[in-house]
Amino acid sequence: MYNSLTLLIFCVNIIVVFSVVYVLFDLTGLGRLVEVQAHPSGPAAWAAYLARTMYFSAMTLFSVGYGDIWPVGWSRAVAVIEATVGYILPAVVAAQYLRVFPTRWKS
C-alpha cells in the first residue's frame, strides 16, 4: 500500500511540475496549449486554464493524449520530454519491484 501511495504522489508531482512549465511557457510567450473548444472568460477562466494544463499534462504522461489539446512552440519539446518520462516510468517501477522482490524462479 505504501509503495502504491508513493507512486501516486510521484506521478501527481510530475503532472504538477509539467503543468507549471506549460503555464510559464504560455505566460512568457515561448509556447502554449491550443484547445479545440472555446476558452471560458471571466473570473473562472484562470481555474479552467489550470485545469486544462493539468489535464494535458496527465494525458501526456499516461498516454499520447486525445488530440483535443495540442502544444505549440517550445511546449512541444516539453510534451516530448513528459511523454518520454511517461514511457520510462513503468519500466523503472517494474525494475524496482524486481530488485526489491526478486523472483524465486531458477533457470
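Our subject in this report is the structure included herewith. (Residues numbered from 1 in each chain as written. Predicted model: local features only at pLDDT ≥ 70, side-chain atom pairs only at ≥ 80, totals over all residues. Heavy atoms only, no water.)

Overall, the coordinates contain 1 salt bridge when judged by the stated rule. Of the charged contacts, one joins arginine 52 and glutamate 35 as a salt bridge, the two residues approaching to 3.5 Å between their closest N and O atoms. Note that arginine 52 is positioned in helix H2 (residues 45–62) and glutamate 35 in strand S1 (residues 31–35), a separation of 17 residues in sequence. Judged by relative accessible area, which is 11%, arginine 52 ranks as buried. (Salt bridge = Lys/Arg side-chain N within 4 Å of Asp/Glu carboxyl O. Helix = DSSP H or I, 4+ residues; strand = E, 2+ residues; numbered from the N terminus. Buried < 20%, exposed > 50% of the residue type's maximum accessible area, 1.4 Å probe, protein only.)

To continue, consider helix H1 (residues 2–28). Residues spaced three or four apart along an α-helix face the same direction, because each turn holds 3.6 residues. If you check H1, its first and last C-alpha atoms are 39 Å apart, about what 27 residues at 1.5 Å a residue would give, namely 39 Å. Listing the buried residues of H1 in full gives Cys11, Ile14, Ile15, Phe18, Ser19, Tyr22 and Val23. Phi for glycine 29, located one or two positions after H1, is positive at around 85°. (Expected span 1.5 Å × (residues − 1).)

Now for helix H3 (residues 75–100). For H3, which comprises 26 residues, the first-to-last C-alpha distance of 37 Å matches the rise-based estimate of 38 Å (1.5 Å per residue) to within 8%. Isoleucine 88 marks the point of greatest bend in H3, at about 30°, and the proline proline 90 comes within the next four residues. In this fold, the buried residues of H3 make contact with H1, S1, H2 and strand S2 (69–73). (Bend = angle between axes of the 7 residues up to and from the residue. Contact = heavy atoms within 4.5 Å.)

On to a nonpolar patch on the surface, then. On the surface, a cluster of nonpolar side chains totalling about 1,000 Å² of accessible area is made up of Leu5, Leu8, Ile9, Val12, Val16, Val20, Leu24, Leu27, Trp46, Leu50 and Met54. Among the structural elements, methionine 54 can be located in helix H2. With a relative accessible area of 34%, methionine 54 lands in the partly exposed category. (Patch = residues over 30% accessible without salt bridge, like charges linked within 9 Å, V, L, I, M, F, W, Y side chains within 5 Å. Areas by Shrake-Rupley, 256 points an atom, 1.4 Å probe, with all protein chains shown as cover.)

Two elements in contact, H1 and H2, have axes separated by 8 Å at closest approach and are oriented at 125°. When the axis of H1 is compared with that of H2, the two are oblique. You can see that H1 and H2 cross each other, and the crossing is right-handed. Counted together, Cys11, Ile14, Ile15, Val16, Phe18, Ser19, Tyr22, Val23 and Asp26 of H1 and Trp46, Tyr49, Leu50, Thr53, Met54, Phe56, Ser57, Ala58, Leu61 and Phe62 of H2 form the full contact between these two elements. When grouped by side-chain class, the residues that make up the contact of H1 with H2 number 15 nonpolar, 3 polar and 1 charged. (Axes fitted to C-alpha atoms, helices over the stretch in contact; angles between N-to-C directions. Parallel < 35°, antiparallel > 145°, perpendicular 65-115°, else oblique. Left-handed = near helix turned anticlockwise from the far one by under 90°. Nonpolar A, V, L, I, M, F, W, Y, C, P; charged D, E, K, R; others polar.)

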